[in-house]
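# Chains, contacts and geometry: an overview
Chain by chain, the residues:
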Amino acid sequence: MLEVQDLTKRFGANVAVDGLSFKATPGRVLGFLGPNGAGKTTTLRTLLGLTLPTSGSATVDGRPYRELEDPVRVVGAVLEGPQFHPGRTGRNHLRVLAAAGGLPASRVDEMLRLVELNGAGNRRVKGYSLGMRQRLSLAGALLGDPRALVLDEPANGLDPQGIRWLREFLRAQASEGRTVLVSSHVLAEMAQTVDEVLVISRGRLVAQGTLDELTHGVEAPIWVRSPEAERLRAALAAREGVDAKPPETGGGWLEVRGATLEDVGTTAAENGIPVFELYRPRQSLEQVFLELTAGTEAGR
Amino acid sequence: MIRLVGAELLKLRTTRTFWALAGSAVGLVLVIVVLTLAIDDQLNTQRDVRDLLSVAGLSGLLTLVLGVVVGAGEYRHGTIASTLLVTPNRLRAVAAQVIACFLGGLAIASAAVALELIIGLPWLSSKDVLMPSAGDLAGDLLGGILYAGLAAALGTALGALLRNQVAAVVSILVLIFVLEPTLNALVGGVAPFTLTGLGAAMSGASGDDNSDLLSPGVAALIWACYASLLAVFAAIRTAHRDI
């Protein structure tokens, strides 16, 4: 299990992470969302022992990463930013990691095949595309067949097939009981991949829950279409706390807030107003994310 | 630790930097030996021969640069993150890198020595010069090899400490070619303890004429202390540094 407890990280006067707490549990994919500069990467790097916390803790199976005896078999990580010697081949990069981690050399070719880089393993990394580098990072993360995966923007540079492969791969990893913590800006992709979402902004937790909890947690307006939209608007406006107004596009539609679907339907029936369409759209993860982090992007 | 050193040696072997610097070191020694044997008619005494064959110690300067490039290169290329994810104990990570570069330096100088012996000994025999004793020659050559290894180790520690490749290379070159000569000129008795003085003592490059030099063993010990101190500083700094 990956656990962050009251984690604070300051860089000089800048507070990158501010009292953040969360847990990532085995068998689930936890998505880690936040605008640029929200503190995602700092949190993940602290969890991996690369950044020292100012206060609080970040642990893996109850221990700081730096105290793990065999870390490659416990946590596999993909980090943002350069992490390869450009003159070294992909295969040799993995050979070095395998040698340092005491892993059999046969794992190198297994992983290259898994990430579909076996044809490019003997090429120098400087000739790799961004997507190939991401796949190589993933191969490195998986070398030790770890119990947990910490992935910072793993979909960066992947083509649609690669993103689909990654989604299925992460789901498979979780279904095998591994803990998966993944940050990403590809919100639509996250929505299809994760079991639970963690949203941070300005280093603080602003929301955590399952996708259903989050997407229903933010009240969405009801949309209703009627040939007598103006009469329906007046009838709804007469109810306490209900706000109904036509959108700019018109078309007989009304956008209703402060009412339930039942309220709108009943009001229409009581007033003999025909209704052609009535629904409350489910909020997308992107909408939820934008509402939760409104005004904070790059605002550090 | 053996596993980590093995991984670091693999890192060395799988980049062109190592092979380029190794080739440069061996090539430099080869050129000097061949040119000296071909041109120099004053090569007569045992001292002359020892001075000539001790040029393998010149590879120490290149292995010093190799170490700096390797130590700071981890930060330049971002590979330090991968290294520390596999080896979170930063003292062990730095130590493995220093030891690997020490071994790499030994290997480069050994190749240079082997080549100069293969080419130089038959040539010297044909010139009918007075050869030094096998003991003196072996001492010079082994000292030169040890110097190259220790130079690489010190360079690696310095690179890991400073992190910036260019700054680290410039720093070590300024130290050797500017600060040390200045210090020697201003302060008496310090020369044997400078990197230049220690290197000369180990490799026998300045011969017996310079009585100020320390014995090769003491020089190696002092250099090893310098390298160890730098490595400890580097490890402590790395341990408290955000990557």
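Keep in mind the model is a prediction, meaning the values are calculated, not measured. (Residues numbered from 1 in each chain as written. Chains lettered and ligands numbered in written order. Predicted model: local features only at pLDDT ≥ 70, side-chain atom pairs only at ≥ 80, totals over all residues.)

### A word on the overall build of chain B
The helix and strand inventory of chain B stands at 10 helices and 0 strands. Secondary structure elements in chain B, listed N-terminal to C-terminal, are α-α-α-α-α-α-α-α-α-α. Judged by the C-alpha coordinates and their principal axes, chain B covers about 60 × 40 × 30 Å. Excluding contacts between residues fewer than 6 apart, the proportion of contacts in chain B whose partners are at least 24 apart in sequence is 83%. (Helix = DSSP H or I, 4+ residues; strand = E, 2+ residues; numbered from the N terminus. Contact = placed C-beta atoms within 7 Å.)

### Points about the interface of chain A and chain B
Tallying the contact residues gives 29 residues for chain A and 21 residues for chain B. Looking at which element gives the most residues to the side of chain A that touches chain B, the answer is helix H2 (residues 90-101) of chain A, with 7 residues. Grouping the constituent residues of the side of chain A that touches chain B by class yields 16 nonpolar, 10 polar and 3 charged. (Nonpolar A, V, L, I, M, F, W, Y, C, P; charged D, E, K, R; others polar.)

### Re the environment of B:Gly144
Residue and element names in this part refer to chain B. By secondary structure assignment, the location of Gly-144 is in helix H7 (residues 134-162). Placed 38 residues apart in sequence, Gly-144 and Leu-106 show a C-alpha to C-alpha distance of 9.0 Å. Contact partners of Gly-144, with chain neighbours within four places excluded, come to Ser-54, Ala-56, Gly-57, Ala-109, Val-113, Met-202 and Ser-203.

### Overview of the domain arrangement of chain A
The assigned domain composition of chain A is domain 1 (2-216) and domain 2 (221-279). The distance between the C-alpha centroids of domain 1 of chain A and domain 2 of chain A comes to 47 Å. (Domains from an automatic or database assignment.)

### Description of the packing of helix H2 (residues 16-39) of chain B against helix H6 (residues 90-127) of chain B
Residues and elements named next belong to chain B. At a minimum axis separation of 9 Å, H2 and H6 run at an interaxial angle of 25°. In terms of orientation, H2 and H6 fall into the roughly parallel class. Crossing handedness for the pair H2 and H6: right-handed. In this structure, H2 contributes Phe-18, Ala-22, Ala-25, Val-26, Val-29, Leu-30, Val-33, Val-34 and Leu-37 to the contact, and H6 contributes Gly-104, Ile-108, Ala-111, Ala-112, Leu-115, Glu-116, Ile-119, Gly-120 and Trp-123. (Axes fitted to C-alpha atoms, helices over the stretch in contact; angles between N-to-C directions. Parallel < 35°, antiparallel > 145°, perpendicular 65-115°, else oblique. Left-handed = near helix turned anticlockwise from the far one by under 90°.)

### Overview of the confidence of the model for chain B
In the predicted model, chain B carries a mean pLDDT of 85, and 97% of its residues have values of at least 70. Mean pLDDT in chain B bottoms out at helix H3 (residues 46-53) of chain B, which sits at 75, and peaks at helix H1 (residues 2-13) of chain B, which reaches 92. (pLDDT = per-residue confidence, 0-100.)

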